[in-house]
Amino acid sequence: MKALDIIRDANANLWRSKLRSFLTILAIFVGSFTIILNSAINAGVNDFMDKQIENMGGEGYLEMMPTEAYESAMSMLGGNGVQEYTDDKDSTNASAYIKDDQIEKAKKIDGIKVFNVLPNSSADYITSSKTDKRYRLNLNLVVEGISFDMSNGVSPNTDKNAGYEIAVNEDLAKALGYENVADIVGQTVKIAVPSTLKCYTAVKRSECQTILEVKVSGTQAPGILSMGGSRANLTLWNRINAINYEGMPKETNRSYQATADVDPERINEIKAKLEEIGLKAMSVEDEVGMFQSFFDAILIVFNIFGGIALIAASIGIINTLFMSVQERTREIGLDKALGMSDAKVFLSFTAEAVMLGFWGSVFGIIVSMIVGNAANIIATETFLKDFPTFKLTIFEPLTMISIALVIMFIAFLAGTLPARRASKKNPIDALRYE
Amino acid sequence: MESVLLSTRGLKKIYGRRDTKFEALKGIDLDIESGESVAIVGKSGSGKSTLMHLLALLDKPTVGSIKLNGKNTSKLKSRRLNRLRNREFGFVFQSFFMNANDTVLNNVILPLKIAGIRRSERRRRAMEALKVVELDDKAKNKANDLSGGQKQRVCIARAIVNNPKVIFADEPTGNLDSATGAKIEDLLFRLNREKGITLIIVTHDEELAAKCGRQIRIADGIIVTDDTTKKSIASGKKAKKVTEVKK
């Protein structure tokens, strides 16, 4: 007997007791639907997270601060914030700066491609010719070689000789008077940069501010990680820094932050080495990690539900096939009398179980895709409205096929029990069975 | 001597153990020649069905040997036995044993499907077999919609579709009225006569037994008489030979 005949017969046998087969398939469907929808949501969230990570600066991107500064910041956040003072040099606030020897050591670490020490730069506000209002500006630096998820225009030019460029988020663009967000691309906006030293003595803040004209290179969709920040290119960043520290001794312009572009494969090893020289490094994944692990926990719970449904469905398969074996005892006897081997009888019943699993998976895939895509449409119009790049569910063919295969394998395992009973039947006894 | 198809020596079949021990066959020596039509006659519980099951290689004897075409079958692996049954034997049962919800054609195809023959080929051969039993016009019908006589003819078509050497028939007319029963008998004997298929019929119907070339009477697990009548057409024997077997 050929494999194709076995599969065809298994399918035909399912039709002989339609309701019973349907109910068994329904039980499998509940499990497969849950698991497939879960995996689609998981894929959607991961995709969104990946986009956010890209937005923040890619997978090989590390942000560093001195361990003392990090711990001090963490103790402020989590603990009571009280730290004992000693005369030891490390206890002074000066230790919160990245020291020259740390920079030298860090640059020698294998796997670090680019090591940037960020000068501190801060601006007061941003405004445009279209509005009288001024808005607080939270600036980040565009990191060279990292692609950004831009909703309009392009990422700010990172060339050394580039003009001042900035990318703003869509909300800010609207506030600046560009109702149609795309219109702001290529326009010039004004940024007020304070000179710290002058501001100590100035009567009015405006007296110590320098106004810079900056070109908007593009806009960014709002995301949970960009936090409404805007991004400046290096020329702008350095210019702002120069204004900030105008007239001050060089030591005061010491950095407390550094970034590095490293080999993503070795990121953990590099983080450990940086820790040794007193630098606390955080990857974007570390920052995203919190949110993701919370989400993963929810999905694991749902997957457990799906798994339990599948176990129940497996018992259903066993039950259905035992009934089928009982009903078809004489048929099995005839098949064996006519020369069908035990192995083929076994295969034909397990094939039936696999077909049950197959149809349960197929319906699970179809229905979860309908439900998932509908939920997607509703979500983008309601609670995910502010995150246009967030697709709630993404259906990956490979994932769905592997889930279906796993379910079919589980069905096969469930089918082995009744199939064994069928294959062990004696043809004579089976033919005598009334 | 003509070619001996099936040959048994000292065949015993014992069911159960110790207290419940039951000897269904107590030592059967039998030679069946190719082309014979043999009736195995006896009351229920005599052991005639057990004998047929052993001859048809559906069961194994407790003691003794069965030779098919001179080859001892007891040493054959189950795979070989399955293939032998599939290729050399055809079966006709009292209560038909058909897949009632399947079509007539698919029922006839079954042995060929088990043999793994190509779809187009097995379709052609099944239609040929249905033509022999004059049911080719009912090929697409559901097996359940046929009358008893038609069902048994479908079973005969199924039995001959693989061009077997032997047809084992277990009370082939037991569930039929005498008129339809006679038609089935004619069909079986025609196959015996025209195609030279050896016929082994288990029955308690004396009339049917009388139509066979040879009657083997069984009681309490042993052969009581073994008659070869003048009607043995295929072997062409005229003389009546009676062998009395001592109890």
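These numbers were taken from a predicted model, which means no experiment stands behind them. (Residues numbered from 1 in each chain as written. Chains lettered and ligands numbered in written order. Predicted model: local features only at pLDDT ≥ 70, side-chain atom pairs only at ≥ 80, totals over all residues.)

Here we look at the sheet that holds strand β4 (residues 63-68) of chain B
By way of backbone hydrogen bonds, the strands of a sheet pair with one another, either parallel or antiparallel.
Residues and elements named next belong to chain B.
Argument step 1. Spatial ordering of the open sheet is given by β2-β1-β4-β5, a layout of four strands whose pairing is antiparallel. Two strands in the sheet have a free side with no partner beyond their single neighbour: β2 (22-33) and β5 (71-72).
Argument step 2. Bridge count for strand β1 (residues 4-15) against β2 is nine bridges, and the pairing is antiparallel. What sits directly across from Lys12, in β2, is Lys26. (Pairing = 2+ DSSP bridges. Helix = DSSP H or I, 4+ residues; strand = E, 2+ residues; numbered from the N terminus.)

Comments concerning the confidence of the model for chain A
All names here are of chain A.
Argument step 1. Mean pLDDT over chain A stands at 82; residues scoring 70 or higher make up 87%.
Argument step 2. The model gives residues 77-81 a pLDDT under 50, and that stretch makes two contacts with residues more than four places away or in other chains.
Argument step 3. Low confidence marks residues 88-95, where pLDDT is under 50. Its contacts with residues over four positions away, or in another chain, come to seven contacts. (pLDDT = per-residue confidence, 0-100. Contact = placed C-beta atoms within 7 Å.)

Things to note about helix α10 (residues 329-337) of chain A
Argument step 1. Most of α10(A) is tucked away, with eight of its nine residues classed as buried.
Argument step 2. Every buried residue of α10(A) is accounted for by Arg330(A), Glu331(A), Ile332(A), Gly333(A), Leu334(A), Asp335(A), Lys336(A) and Ala337(A).
Argument step 3. Against α11 (342-381), α12 (397-423) and α13 (427-432) of chain A together with α2 (78-88), β6 (89-93) and α3 (104-115) of chain B lie the buried residues of α10(A).
Argument step 4. At the C-terminal side of α10(A), Gly339(A) shows a positive phi close to 105°. (Buried ≥ 20, exposed ≤ 12 C-beta atoms within 10 Å, placed from the backbone.)

Remarks on the packing of helix α1 (residues 3-16) of chain A against α11(A)
Residue and element names in this part refer to chain A.
Argument step 1. The N-to-C vectors of α1 and α11 enclose an angle of 65°; their axes lie 8 Å apart at closest approach. In this structure, α1 crosses over α11, and the sense of that crossing is right-handed. Contacts between α1 and α11 pair Ile6, Ile7, Asp9, Ala10, Asn11, Asn13 and Leu14 from the former with Leu347, Ser348, Ala351, Glu352, Met355 and Leu356 from the latter.
Argument step 2. Here the contact of α1 with α11 is composed, by residue class, of eight nonpolar, three polar and two charged. (Axes fitted to C-alpha atoms, helices over the stretch in contact; angles between N-to-C directions. Left-handed = near helix turned anticlockwise from the far one by under 90°. Nonpolar A, V, L, I, M, F, W, Y, C, P; charged D, E, K, R; others polar.)

Remarks on the nonpolar core
Argument step 1. With 118 residues, the main nonpolar core has Ala411(A), Ile40(B), Val108(B), Ala157(B), Ile167(B) and Ile200(B) as its most contacted residues.
Argument step 2. Sort the elements by how many residues they give to this core and helix α2 (residues 18-56) of chain A lands first, with 13 residues.
Argument step 3. Setting aside chain neighbours within four positions, we find Ile200(B) in contact with Ile32(B), Val38(B), Ile40(B), Met52(B), Leu55(B), Val166(B) and Phe168(B).
Argument step 4. Grouped together as the second largest cluster of nonpolar side chains are 26 residues, Leu141(A), Val189(A), Val216(A) and Leu236(A) included. (Core = buried A, V, L, I, M, F, W, Y, C linked by C-beta atoms within 7 Å.)

Notes on the pairing of β1(B)
Residue and element names in this part refer to chain B.
Argument step 1. Counting the residues in the hairpin turn of β1 and β2 gives six residues, including Gly16, whose phi is positive at 70°.
Argument step 2. With five bridges connecting them, β1 and β4 associate as antiparallel partners. Pairing of Lys12 across the sheet is with Val63, part of β4.

Here's the deal with the sheet that holds strand β1 (residues 61-66) of chain A
All names here are of chain A.
Argument step 1. Here four strands make up an open sheet; going across it, the order is β2-β11-β1-β12 and the pairing antiparallel. The two strands at the open ends of the sheet, each matched to only one other strand, are β2 (112-118) and β12 (279-283). Sheet twist, expressed as the mean angle between neighbouring strand axes with direction ignored, is 25°.
Argument step 2. Pairing of β2 with strand β11 (residues 257-262), which is carried by six bridges, proceeds in the antiparallel orientation. Bridged to Ile112 within β11 is Val262.
Argument step 3. Against the sheet, helix α4 (residues 100-108) contacts β2 and β12, and its axis sits at roughly 160° relative to β2.

Regarding the interface of chain A and chain B
Argument step 1. Counting from both sides, the interface comprises 16 residues of chain A and, opposite them, 18 residues of chain B.
Argument step 2. Put simply, the parts of the chain that give the side of chain A that touches chain B at least two residues each are α1, α10 and α13 of chain A.
Argument step 3. The leading source of residues in the side of chain A that touches chain B is α10(A), at five residues.

Looking at the environment of Ile166(A)
Residue and element names in this part refer to chain A.
Argument step 1. Here Ile166 lies in strand β7 (residues 165-169).
Argument step 2. Once the C-alpha coordinates of Ile166 and Leu139 are considered, the two residues, 27 residues apart in sequence, prove to be 9.2 Å apart.
Argument step 3. Not counting residues up to four positions away in its chain, the partners in contact with Ile166 are Pro156, Val214, Val216, Ser217, Ser230, Arg231, Ala232 and Leu236.

Quick look at the pairing of strand β9 (residues 209-220) of chain A
All names here are of chain A.
Argument step 1. Sheet analysis places strand β6 (residues 150-153) next to β9, joined by three bridges and oriented antiparallel. Along β9, the bridge assignment pairs Asn152 with Thr219.
Argument step 2. Pairing of strand β8 (residues 188-194) with β9, which is carried by seven bridges, proceeds in the antiparallel orientation. Note that in β9 the partner of Lys190 across the bridge is Glu213.

So, the confidence of the model for chain B
All names here are of chain B.
Argument step 1. When pLDDT is averaged along chain B, the result is 86, and 91% of the positions lie at 70 or above.
Argument step 2. Contacts of residues 230-240 to residues separated by more than four positions or lying in other chains number 26 contacts, the stretch itself having pLDDT below 50.
Argument step 3. If you check the scores for this complex, the pTM reads 0.68 and the ipTM reads 0.86.

What about the packing of α3(B) against helix α5 (residues 148-160) of chain B?
All names here are of chain B.
Argument step 1. One can describe the packing of α3 onto α5 by two numbers: an axis separation of 7 Å at closest approach and a directional angle of 35°. For α3 against α5, the interelement crossing comes out right-handed. Along the contact surface, α3 presents Val104, Asn107, Val108, Leu110 and Pro111, while α5 presents Val154, Ala157 and Arg158.
Argument step 2. Considered class by class, the residues forming the contact of α3 with α5 number six nonpolar, one polar and one charged.

As for unusual backbone geometry
Residue and element names in this part refer to chain B.
Argument step 1. Not every positive phi belongs to a glycine, and Asn163 is a case in point at roughly 50°.
Argument step 2. Within the element layout of this structure, Asn163 appears in the loop between α5 and β7 (166-170).
Argument step 3. In this structure Asn163 comes out as partly exposed when scored by C-beta crowding, with 13 C-beta atoms within 10 Å.
Argument step 4. Phi at Asp220 is positive, roughly 50°, even though this residue is not glycine.
Argument step 5. Positionally, Asp220 belongs in the loop between β9 (214-219) and β10 (222-228).

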